[in-house]
Each structure stands twice: as C-alpha cells, then as structure tokens.
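# Architecture and fold: a report
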Amino acid sequence: MHIRFNVPPVTGREDGYIQEVIKSGRICGDGEFTHRCEKLLEEMTGAPRVLLTCSCTQALEMAAVMAGIQPGDEVILPSYTFVSTANAFVLRGAKVVFVDIRPDTMNIDENMIEQAITEKTKAIAPVHYAGVGCEMDRIMEIADRYSLKVIEDAAQGVMSTYKGRALGSIGDFGCYSFHETKNYSMGEGGAILINDPADVERAEIIREKGTNRKRFLEGKVDKYTWVSEGSSYLPSDINAAYLFPQLEMAEEIDQDRLASWNTYYRELEPLARAGKISLPVIPEECEHNAHMFYIKTKDNAERSSLIRFLADRDISAVFHYIPLHSSDAGREFGEFRGEDRFTTKDSMRLLRLPMYYGLDEETIKRVAEAVFEFYGM
Ligand SMILES: *Cc1c(COP(=O)(O)O)cnc(C)c1O
C-alpha cells in the first residue's frame, strides 16, 4: 500500500458544521464559525486578538502593512523558508536581508541578526521551522534595542510553545497557516495574531478592505466608509466551519502527531547513533507540535538516492525549501548578509518523512525499516 507524505486532517464533524453555515444563509466572512475559531485561537494562544485570513501568506502581508514597511526598508529573515515570508515585504517595496540558520533547529541563527542590521532595518521575521520555536528571548531583546518590529512566521507552529508562550504570540504579530499540509487545516486559510491591543482596530479595518464595516455591524457607527488602506483578507464562514472541529480537538490531534513523532525518533535513533543520519533537535525551552519529522542524510546525493529508494517501496518522502537567496527573485529582491555556513549545506541534507494526523505505528515502522535497509543496517 502506498504511504502518502501528507493526509489533510478530518475529524468527521465537518459535514454537520458546514450544513449549519449553509442553513444560516450567511456564508461570507466574519460569521459565526469565524468568530468561534478566533475565540478558540485566542484562548489557545493568549493573544488579545486573532483574525482568520485566507492564508498565512495573507496574514504575513497584513502584518507587513501593519508594521508600516515602506519602500527602501530592510527586513531580516532566514533564507531557508517559504517564499511568502519574503514576498510579504517585497510587495511593500522592502529589501529582504537573509541571514544564516542554526543547524540544530534549521531556525534563524539569533547570533547572526545583529551584524545584518543597518539604519534601514525595520523588522525581523523569524520562522519557527517544523513548529520548533526560534530563540525568541534573544530576538526580542535585539528588536527592543534597535526598535524593530517582530513578525513571527508561525505557519507551522500552531500549538507549539517557547518558554510556555504560544508561538506567534511573542512578537508584534504572529502568522498561522491552515493550509492542507499543516497540522490544522481549512484547505486554504490562516490567521494573524495581534499581540498589542492598540493594533486591533487597525487590523480589523485592514482585513475589511480598509473600511470600518466591523464597527458598523456592531452598531458603533451608522454607516461604513473607507478609512484606510486595506484589502479583502476574510475567509468564507464555510472554510471556518471546516477548521472549527479541529480546533475543538486540537489537543487530541497534537498528541496523536507527537506520538508518531516519538515513534519515528525511537525507531531511527540507532541509525543516528551509528552516525548514518542526524535527527531533529528540540531545545529545552520549546514544546513542539510534531509538524514534521525530518532526518538529515550525509549530503544531497545520498538524499536523492534515499528518496528514490523509498519511492520504489511506495513511500513518499520529500525534501524542503531551496534557499531563497539562491533563486532569481531572491537575488533581485534580497541579499544574504554574513556567511552561509548551514543554509545551503543543511537544506540539501534534509528529508521529510510521512507525517499526518492518524498515521499509525505500523506504517511508521515500515518507513523506518526501509530507511534501515537503505543504510544496510
Ligand atoms: C505553509 C507556510 C507558509 C504559507 O502558508 P499559506 O497558508 O499556504 O499561505 C508560509 N510560511 C511558512 C514557513 C509555511 O510553512
């Protein structure tokens, strides 16, 4: 039987909730299920306000507008990330400045940030890779010292924490993804965490096409008008109804994934001890959400043979980001500052193994056995 890399989460309660939306006769955004999802996310993260969006890409774009990023500004981020982390700022005319990652977590190296700061720097966008937190205390300390905004790309980090605080709730803004490939999904979707209560009203206006429609619906103004820049970042309530039951059982989904992650770790540990592969590292300050299970091979060539070897055994394993600074757009819109010690080298070694809610132990053992066979162990 073919082992898929990802299977989108389904709880079985989606049908009923979607029917409720249809019967309500109100399927646009900011409806009942949007509110219910936002409330659960606020409870889960402690953020004063969480707004659903149509994607994490949109949440990042909103955050870039909220942070006041202007043409000529610079934003510091890792090169080892998804294009959306960079595009959000490029769309505002900013230059993206890439710095190296740490090889243990594949997260931005907090010690490489300061050397990349100039008088043009306006923000730092740490990415919590694989749902494992960046070294946020250090990042926030640097941001405070240089008066920079911090926009957390926590696309993969729903339900993860750093020193007990939800990822996405530590910087000025946090961005979540509910894409099909993430731990909690609405097909396409996301959320922005507004961590300063003073930013809430402006964020609501920007999400509502630059109007004060929200205040109008609440009866606080008698007509709604154009009040600032903005766009349409609201998802339909039908999508929110698909996401809602997953958030209701977020803990159960999280525990299921963590059990799979731990099984992988236990099964593959002998290969790591034998020096054949490297396993992921979870720093003590971090509780992760088992967004992904990856291993690192010796080099790119070994990774390619392993992918083929697994594919021949009907197992889908996939590599991940090609560093942004090595792409055409990366060269046009950005620059790598400092030495690239790990970004290129380690990104070419990383291989993601099948991981999804409901993945059973037997399947994990089959994957692990195939990896052992590849290494002749
Ligand atoms: C998935 C992902 C995104 C984009 O999320 P969408 O919801 O698909 O827009 C951005 N950044 C990171 C790190 C991601 O993993």
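The rules we used
- Residues numbered from 1 in each chain as written.
- Predicted model: local features only at pLDDT ≥ 70, side-chain atom pairs only at ≥ 80, totals over all residues.
- Heavy atoms only, no water.
- Pairing = 2+ DSSP bridges.
- Helix = DSSP H or I, 4+ residues; strand = E, 2+ residues; numbered from the N terminus.
- 1 Å grid on protein atoms, 1.4 Å probe; cavity = no way out; pocket = protein on both sides within 12 Å on 5 of 7 lines; lining within 4 Å.
- Points joined across faces, edges and corners; volume = space filled by probe spheres on them.
- Near = heavy atom within 4 Å.
- Polar contact = N/O pair within 3.5 Å; in protein donor to acceptor, adjacent residues only side chain to side chain.
- Areas by Shrake-Rupley, 256 points an atom, 1.4 Å probe, with all protein chains shown as cover.
- Sits in = over half its atoms within 2 Å of the grid points.
- Nonpolar A, V, L, I, M, F, W, Y, C, P; charged D, E, K, R; others polar.
- Core = buried A, V, L, I, M, F, W, Y, C linked by side-chain atoms within 4.5 Å.
- Buried < 20%, exposed > 50% of the residue type's maximum accessible area, 1.4 Å probe, protein only.

### Focus: the sheet that holds strand β10 (residues 286–287)
Taken in spatial order, the 3 strands of this open sheet run β7-β6-β10, and their pairing is antiparallel. Strand pairing shows two members of the sheet lacking a second neighbour, β7 (165–166) and β10, which therefore form its edges.

### Notes on the layout of surface pockets
Approximately 570 Å³ is the volume attributed to the largest pocket. Lining of the largest pocket is provided by 32 residues; of these, Phe82, Thr181, Lys182, His320 and Tyr321 occupy positions nearest its centre. At the level of secondary structure, the elements contributing two or more residues to the lining of the largest pocket comprise α3 (56–66) and α4 (83–90).

### Focus: the site of the ligand
Around the ligand, a shell composed of 13 residues is seen, among which Thr57, Asp153, Gln156, Ser177 and Lys182 lie nearest. One of the side-chain nitrogen or oxygen atoms of Thr57 is found 2.5 Å away from an oxygen atom of the ligand. Residue Tyr321 places a side-chain N or O atom 3.3 Å away from an oxygen atom belonging to the ligand. Look at the ligand: alone it shows 390 Å² of surface, and the protein chains cover 92% of it. According to the grid-proximity analysis, the pocket containing the ligand is the largest pocket. Here the shell around the ligand is composed, by residue class, of 5 nonpolar, 6 polar and 2 charged.

### A look at the nonpolar core
If you look at the biggest cluster of nonpolar residues, it comprises 56 residues, and the most contacted ones within it are Leu52, Tyr129, Tyr176 and Phe178. Elements supplying a minimum of two residues to this core: α1 (14–24), α2 (32–45), β1 (49–53), β3 (95–99), α5 (136–146), β9 (190–194), α8 (237–248) and α9 (250–273). Residues Val75, Ala88, Ile151 and Ala155 belong to the second largest nonpolar core, which totals 34 residues.

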